[in-house]
Amino acid sequence: MQNKKTFLTILLLCIAMTVRAQHVEVTNNVVNMGQVTFDSPAVAEFRMKNKGRRSLQIEKVYTSCGCTTVDYPHKAIGGGDEFTLTVAYNARQMGHFEKQVGVYLKGTTNPIMLKVKGIVVEEVTDYAGDFQYTVGQLKTDINEVVFDDVNRGDQPVALIHVLNPTNKMSEPVVMHLPRYLKAEISPSKLAPGRSGLISLTLNSAELRNYGLTQTNVFLGLFPGDKVAPEKEISVSAVLLPDFSNVKNTAESPKIQLSTTQLNLGSFGNKKKLHGEIVITNEGAARLDISSLQMFTAGLEVSLNKSRLQPGETVKLKIAAHAKELRQAKGKPRILMITNDPVMPKVVIDVMVD
């Protein structure tokens, strides 16, 4: 019985220490310093908050190398109080760096892990291209990301250059990321007039269906910034079906379209334009059109048959709506996914004046 009581006491203490550690909220566990000039100290700040009611105290701080020093509060931190840890890296070695910092709170055994990373260079250089899009209060070189021809398991990366045109320090953040997207910003903070790089990584294993998956993410000026339409960046991914096991394409279906560039002419005073494309199965097996999607709003399609036997044809009817197309960001396009191993993806460009 005594052993059971002792075990229970230890278990409760462990739970209490774990809960206590969880009461610390870290705004940013990873700080990317971006380009750092050689032999110049690079400083990163980690903002934290005691979310509990009781005070806490930092007992010790562990760094992964002597090239990193940490400044932190040595006094007790009251419940609800915010505090900052400042990490300095001496930047005496050229190239990429990634350093760990472990923060131990008094009465706990598991540290809060922080990370600083970046690249040491001889001279800091900014992106020399154009920032033609205004996204919220920031400027970018693109406002639409397309991950095209993705195979299951791929993890492609798209790059977005971003500029801080304001007169204040900014800490850009990509908001409303779905589980299949990850964003990293280098550097984590942008001084006025300085540029940075957003790396957007797609985890294709998290995509549910073949064909087109679309979402909108939002670029904020700082963590906790509000979502708004003017901060929107559209992201599209096209996941292709797997035909790696197909040995003989001569026995497969083969799609043939009358055109993949449909010119509907000018709207003029019209609100709607119409056109059609003839689809033929020129293969030796049944052609299945498993997905028919639009990249932008303003298009309407109609297909009365999605399974074509060899030699069969069908008409794809397309309508374009003037009002919606004028408000669309991207080019009007239609995506078709088929079981043709040679052409599993068909993109139809719709042109209007």
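Residues numbered from 1 in each chain as written. Predicted model: local features only at pLDDT ≥ 70, side-chain atom pairs only at ≥ 80, totals over all residues. Heavy atoms only, no water.

**Q** I'd love a proper account of the overall build of the chain, names of residues and values included.
**A** Scanning the chain from N- to C-terminus turns up 2 helices and 26 strands. Here the chain has a C-alpha radius of gyration of 27 Å; the compact-globule value for 353 residues is 20 Å, and the former is much larger. Taking the intrachain contacts of the chain between residues at least 6 apart in sequence as the baseline, contacts between residues at least 24 apart amount to 67%. In the form shown here, the chain has an accessible surface area of approximately 19900 Å², with 48% of it arising from carbon and sulfur atoms. (Helix = DSSP H or I, 4+ residues; strand = E, 2+ residues; numbered from the N terminus. Rg over C-alpha atoms; globule rule 2.2 N^0.38 Å. Contact = heavy atoms within 4.5 Å. Areas by Shrake-Rupley, 256 points an atom, 1.4 Å probe, with all protein chains shown as cover.)

**Q** Lay out the pairing of strand E8 (residues 112-121) in plain terms, naming residues and giving numbers.
**A** Counting buried residues in E8 gives 7 out of 10 residues, a clear majority hidden from the surface. By the bridge criterion, 6 bridges tie strand E2 (residues 30-37) to E8 in an arrangement that is parallel. Across the sheet, the residue bridging to Val36 is Val120, located in E8. The pairing of strand E7 (residues 95-105) with E8 spans 9 bridges and is classified as antiparallel. Within E8, the position partnered with Gly102 by the bridge is Met113. Taking the residues that link successive antiparallel strands as the turn, the E7-E8 hairpin has 6 residues, and the phi of Gly107 there is positive, at about 90°. (Buried < 20%, exposed > 50% of the residue type's maximum accessible area, 1.4 Å probe, protein only. Pairing = 2+ DSSP bridges.)

**Q** Help me get a handle on the side chain of Lys117, residues and values and all.
**A** Tracing the chain through its elements places Lys117 in strand E8. Within the local environment of Lys117, its side chain forms a polar contact with the side chain of Glu184, the two groups lying 2.9 Å apart. Non-local contacts of Lys117, meaning those with residues more than four positions away in its chain, are made with Val30, Val31, Asn32, Met33, Gly34, Phe97, Glu98 and Glu184. (Polar contact = N/O pair within 3.5 Å; in protein donor to acceptor, adjacent residues only side chain to side chain.)

**Q** Please set out the state of the cysteines residue by residue, giving values where relevant.
**A** For the structure shown, the criterion picks out 1 disulfide. The disulfide bridge from Cys65 ends at Cys67, spanning 1.9 Å between sulfur atoms. Judged by the sign of its S-S torsion, about -60°, the bond between Cys65 and Cys67 is left-handed. Residue Cys67 is classed as buried on the basis of its relative accessible area of 17%. (Disulfide = S-S within 2.5 Å.)

**Q** Mind laying out the sheet that holds strand E11 (residues 144-150), listing which residues take part and the relevant values?
**A** Strand-to-strand pairing in sheets goes through backbone hydrogen bonds, with the strands running parallel or antiparallel. One open sheet holds the 4 strands; their spatial order is E11-E17-E16-E13, and the pairing between them is mixed. Each of the sheet's edge strands pairs with one partner strand only, and the pair in question is E11 and strand E13 (173-175). Looking at each pair of strands side by side, their axes are set apart by 25° on average, direction ignored. The sheet contact formed by E13 and strand E16 (residues 211-220) spans 3 bridges and is antiparallel. Looking at E16, one finds that Val174 is bridged to Leu219. (Axes fitted to C-alpha atoms, helices over the stretch in contact; angles between N-to-C directions.)

**Q** Provide a residue-level description of the confidence of the model for the chain, including the pertinent values.
**A** With 94% of its residues at a pLDDT of 70 or more, the chain shows a mean pLDDT of 90. Low pLDDT (under 50) marks residues 4-21, which in the prediction has 7 contacts with non-local residues, meaning those over four places away or in another chain. (pLDDT = per-residue confidence, 0-100.)

**Q** Got a sec to walk through the nonpolar core? Specific residues and values, please.
**A** Ranked by size, the top nonpolar core spans 27 residues in total, and within it Val24, Phe46, Leu85, Ile112 and Leu114 carry the most contacts. Elements with a contribution of two residues or more to this core: strand E1 (24-26), E2, strand E3 (42-50), strand E6 (82-89), E7 and E8. Dropping the residues within four chain positions of it, Leu85 is found in contact with Ala44, Glu45, Phe46, Met48, Ile58, Val70, Asp71, Tyr72, Val103 and Leu114. The next biggest cluster of nonpolar side chains, apart from the first, holds 24 residues, and it includes Val135, Leu202, Leu221 and Ala237. (Core = buried A, V, L, I, M, F, W, Y, C linked by side-chain atoms within 4.5 Å.)

**Q** So, the environment of Pro241: which residues are in play, and what are the values?
**A** Mapped onto the elements of the fold, Pro241 is located in the loop between strand E17 (232-239) and strand E18 (255-257). Through-space distance from the C-alpha of Pro241 to that of Tyr210 is 6.1 Å; in sequence the pair is 31 residues apart. Excluding residues within four positions of it along the chain, Pro241 makes contact with Tyr210, Ile337, Thr338 and Pro344.

**Q** Describe unusual backbone geometry, with residues and values.
**A** Cis geometry is adopted by the peptide bond preceding Pro187, which originates at Ser186 and carries an omega value of -5°. Turning to its location among the elements, Pro187 is positioned in the loop between strand E14 (181-186) and strand E15 (195-202). Residues other than glycine seldom take positive phi values, yet Ala91 does so here, at roughly 55°. Counting through the fold element by element, Ala91 comes out in the loop between E6 and E7. Look at Ala91 and you get buried, because its relative accessible area is 0%. The residue Asp149 is not glycine, and still its phi comes out positive at about 50°.

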